[in-house]
Amino acid sequence: MRLQAQVRKWYCRPRSPVVDTRERCQLDTSRKSLLKALDREILPTPPVWMMRQAGRYLPEYMKTRARAGSFLNLCYTPELAAEVTLQPIRRFGFDAAILFADILLLPHALGCELDFPEGRGPQLSVVRNSEDLGRLASAGDIHRKLEPIYRTVRILRDALPGDVALIGFAGAPWTVATYMIAGRGTPGQEPAHAMLRENRPLFDQLMELLTDATIRYLEQQARAGAEVLKIFDSWSGSLAGGDGLFDRYCTRIHERIVKALSSSCPDVPVIGFPRGAGRHYRDYAARTGVPGLALDTDVDVDWAAKHLQTEACVQGNLDPRLMVTGGRKLVSETRRIVGAFSNGPHIFNLGHGITPDGDPDNVLRMLETVRETRMCR
Ligand code: 1CP
């Protein structure tokens, strides 16, 4: 009975109506703009932040990273992690800050070895068999190891300007599993696909373990003060073939995470990023009920305005390469995206993270362009 009531509560949670505040066309500072957009308000100017806004394209990041000694030390030293989270806010005045951490800290807390050797991608100990999985399952209290991350969140909630929302995040189980199975990043995520084909029960157990741990990790970030939670499924595109894998290992797993969070932290909206979902985006949005839907660069904005913005507040999706090349195309593409999404809730962002060769001047140009495109009625 209790479970039934719980399920009903999840499914019956009403979606807020779309509210158009463009008529006022003045700054209403009563609530953070990112939260308003996720609550389906259409604002005169979309809130803006950027994936990987704290990172190697900023000289001040490189300095703090050098002080920390290593990437992992940076992640696990709350004062320094908070400092690099704040750097892009101070420099650019974004509407949201994303917690500085990494999706691979969760497998680290579960007992995987993890290293980020200089100039190479992440290296992890691999999960090959049920013994490896058993060790992770008996990892003990993940929150003790992740406590520095929660402390960073608490520092940030005190330090951020009053109009800037704080985003916590985790990797989605599939994306995190691709690193755990291969021990590194892999093109096409072939080792994970091989386990899927050859040992489905083991793969399913790993996904169960990760889904449960991801929910607990995100809940704890929310309790520490994260106001929005984002799920990064950076490699879900390799599931999108049409054999049911996308539905099973991306959409339905995100659905479980979103439902669990909407029950335990009902005031903290989730942004889902099923990168490379392609034609699955529509079903993903409808099924998961995510308040925020992050779009990758390949998604056509006019199609998304028609088919996705009705379901969720869309976020995206400027090509990050324009942060390197800049010029008139940067301005025209920014305007095109703002214009295409101007009749529904929208958060301006890139379609993926800014790369280390991104030019901070181009970031500024993008921000100015978004903010000068005020859509007053
Ligand atoms: O040398 C350095 O300073 C490390 C570069 C770096 C940074 C800045 C890594 C290594 N992680 C991060 C921080 C990070 N990672 C953040 C917070 C910063 C911000 O966004 O402002 C976030 C949200 C992530 C998430 C993350 N890590 C993802 C999902 C998002 C995405 O970009 O697709 C993934 C896939 C990772 C794994 C990861 N972390 C770092 C590397 C080099 C990689 C591997 C990427 C790959 O396999 O290609």
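Residues numbered from 1 in each chain as written. Predicted model: local features only at pLDDT ≥ 70, side-chain atom pairs only at ≥ 80, totals over all residues. Heavy atoms only, no water.

### A short note on unusual backbone geometry
What counts here: Only DSSP runs of H or I reaching four residues or more are called helices, and only runs of E reaching two or more are called strands; each is numbered from the N terminus. Buried residues are those whose accessible area, probed at 1.4 Å on protein chains only, stays under 20% of the maximum for their type, while exposed residues exceed 50% and partly exposed ones sit between those limits.
Omega for the peptide link from Gly-316 to Asn-317 comes to -15°, which places this bond in the cis form. The residue Asn-317 is located in strand β10 (residues 313–318) in this model. A positive phi angle, close to 70°, is found at Arg-40, a residue other than glycine. Note that Arg-40 resides in the loop between α2 (33–38) and β2 (41–42). Residue classification places Arg-40 among the buried positions, given a relative accessible area of 10%. A positive phi angle, close to 55°, is found at Gln-189, a residue other than glycine.

### Points about the site of the ligand
Counted only if it meets this: Proximity criterion: a residue is near a molecule or strand once any of its heavy atoms comes within 4 Å of it. We call two N or O atoms a polar contact when they sit within 3.5 Å, provided that within protein one can donate a hydrogen and the other can accept it, with sequence-adjacent residues counted only if both atoms are side-chain atoms. The Shrake-Rupley method, run with a 1.4 Å probe sphere, supplies the accessible areas, and residue values consider only the shown protein chains as cover. Side-chain classes follow a simple rule in which Ala, Val, Leu, Ile, Met, Phe, Trp, Tyr, Cys and Pro form the nonpolar group, Asp, Glu, Lys and Arg form the charged group, and the remainder, Gly included, forms the polar group.
Residues in contact with the ligand amount to 22 residues; listed here are only the nearest, Tyr-61, Arg-65, Tyr-179, Ser-234 and His-352. Side-chain polar atom of Asp-102 to a nitrogen atom of the ligand: 2.7 Å apart, as the coordinates give it. In this structure, an oxygen atom belonging to the ligand sits 2.7 Å away from a side-chain N or O atom of His-352. Taken by itself the ligand offers 890 Å² of open surface, and the protein chains cover 86% of this. Its residues assigned to classes, the shell around the ligand comprises 14 nonpolar, 4 polar and 4 charged.

### Some points on the environment of Thr-178
To keep things clear, this is the line we draw: Working rule for contacts: check all heavy atoms of both residues, and any pair within 4.5 Å makes them a contact.
The residue Thr-178 is located in helix α9 (residues 173–182) in this model. Given a relative accessible area of 2%, Thr-178 falls into the buried group. Considering only alpha carbons, one finds Thr-178 and Gly-351, 173 residues apart in sequence, at a separation of 21 Å. Excluding its chain neighbours within four sequence positions, the residues that come into contact with Thr-178 are Arg-184, Gln-189, Ala-192 and Trp-235.

### Some words on the environment of Gly-183
With respect to the helices and strands, Gly-183 occurs in the loop between α9 and α10 (190–198). For Gly-183, a relative accessible area of 5% translates into the label buried. Once the C-alpha coordinates of Gly-183 and Val-126 are considered, the two residues, 57 residues apart in sequence, prove to be 4.7 Å apart. With sequence-adjacent residues up to four places away left out, Gly-183 is seen in contact with Pro-122, Gln-123, Leu-124 and Val-126.

### Quick notes on the sheet that holds strand β9 (residues 292–294)
How we decide: Between any two strands, pairing holds if DSSP finds at least two bridges. Inter-axis angles, ranging from 0 to 180 degrees, are taken between N-to-C directions of lines fitted to C-alpha atoms, where helices are fitted over the stretch in contact.
The strand order β3-β6-β7-β8-β9-β10-β11 describes an open sheet built from 7 strands, whose pairing is parallel. Each having just a single partner strand, β3 (96–98) and β11 (346–350) make up the two edges of the open sheet. On average, adjacent strands in this sheet sit at an angle of 25° to one another, irrespective of strand direction. With 5 bridges connecting them, β10 and β11 associate as parallel partners. Bridge pairing in β11 links Gly-316 to Phe-348. With respect to the sheet, helix α13 (residues 281–288) is in contact with β8 (270–274) and β9, its orientation differing from that of β8 by roughly 155°.

### Overview of the packing of aromatic side chains
Where we set the bar: Working definition: rings of Phe, Tyr and Trp (its six-membered ring) pair if their centres are within 6.5 Å, and the pair is stacked with planes under 30 degrees apart, edge-to-face with planes over 60 apart, and tilted otherwise.
By the definition in use, this model includes 9 aromatic pairs. Between Phe-203 and Tyr-249 the ring centres are 5.0 Å apart and the planes differ by 90°, which places this aromatic pair in the edge-to-face class. With Phe-203 in helix α11 (residues 200–224) and Tyr-249 in helix α12 (residues 245–264), this residue pair connects regions lying 46 residues apart in the sequence. Accessibility expressed as a relative area gives 0% for Phe-203, which makes it buried. The exposure class of Tyr-249 is buried, given its relative accessible area of 2%. Ring centres 6.2 Å apart and planes at 80° place the aromatic pair Phe-232 and Phe-273 in the edge-to-face group. Remark: Phe-273 occurs in strand β8 and Phe-232 occurs in strand β7 (residues 228–233); sequence separation between them is 41 residues. Take Phe-232 and Phe-273: they sit in the same class, and that class is buried.

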